Amino acid sequence: MPKVIVKKIHAVARWRWIGSSLDTVCVICNNALENTCTTCVRSGDGCAPAFGKCGHHFHLHCMEKWMGQNKLTCPCCRAEWCYKT
Ligand SMILES: [Zn+2]
Ligand SMILES: [Zn+2]
Ligand SMILES: [Zn+2]
């Protein structure tokens, strides 16, 4: 029984950490989501965020670049990537 309780607490703490970091930073380019991706920093244009059904979000441009180099998986949780509309 004690083992189960420890596991549960650990999972919650981990989820909170991932959730808070992903709310602000795009893990592909490491720029804040409220700012633009590295490509758009130079152009000065706005950069739309891409929301996935797994609950993670990234810059749309970073996601397009990622999907050109990788399988259609979320860079964060490796779940099949599907745009949330
Ligand atoms: Zn990005
Ligand atoms: Zn961009
Ligand atoms: Zn994900």
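Higher on the page you've got the structure.
The rules behind the values
Residues numbered from 1 in each chain as written. Chains lettered and ligands numbered in written order. Predicted model: local features only at pLDDT ≥ 70, side-chain atom pairs only at ≥ 80, totals over all residues. Heavy atoms only, no water. Buried < 20%, exposed > 50% of the residue type's maximum accessible area, 1.4 Å probe, protein only. Helix = DSSP H or I, 4+ residues; strand = E, 2+ residues; numbered from the N terminus. Arc of directions from axis to C-beta. Contact = heavy atoms within 4.5 Å. Donors = N, O, S within 2.8 Å, 3.2 Å for Na, K, Ca; no water. Tetrahedral: all angles 85-135°; square planar, octahedral: opposite > 155°, others 65-115°. Core = buried A, V, L, I, M, F, W, Y, C linked by side-chain atoms within 4.5 Å.

Visitor: Before we go on, may I ask you to explain helix α3 (residues 60–69) in this structure?
Guide: Each turn of an α-helix holds 3.6 residues, which means side chains three or four residues apart point in the same direction. Along α3, the residues that are buried comprise C62, M63 and W66. One side of α3 holds all its buried residues, which, seen down the axis, span an arc of 100 degrees. Looking at the buried positions of α3, the neighbouring elements they touch are β1 (49–51) and β2 (57–59).

Visitor: I would appreciate a short explanation of the coordination of the zinc ion (ligand 2) in the present structure.
Guide: Octahedral metal centres with six donors ideally show angles of 90 or 180 degrees, and tetrahedral centres with four donors ideally show 109.5 degrees. Around the zinc ion (ligand 2), the protein contributes the donor atoms C37 (SG), C40 (SG), C47 (SG) and H61 (ND1), which lie 1.9 to 2.3 Å from the metal centre. Coordination at the zinc ion (ligand 2) is tetrahedral, judged from the 4 donor atoms that bind it and the angles of 96 to 124 degrees they form at the metal. Summarised as a motif, the one-chain spacing of the donors to the zinc ion (ligand 2) is C-x2-C-x6-C-x13-H. Under the relative-accessibility criterion, C40 is labelled buried at 6%.

Visitor: Is there a simple way to think about the nonpolar core in this case?
Guide: Side chains that are nonpolar tend, in soluble globular proteins, to be buried together. Counting residues in hydrophobic clusters, the biggest one holds 13 residues, and the most contacted among them are C26, C29, C37, F58, C62, M63 and W81. At 3 residues, α3 tops the list of elements feeding residues into this core. Residue contacts for M63: discarding those within four places in its chain leaves I28, A50, F58, T73, P75, W81 and Y83.

Keep in mind that these numbers describe shape and distance, not what the molecule does.
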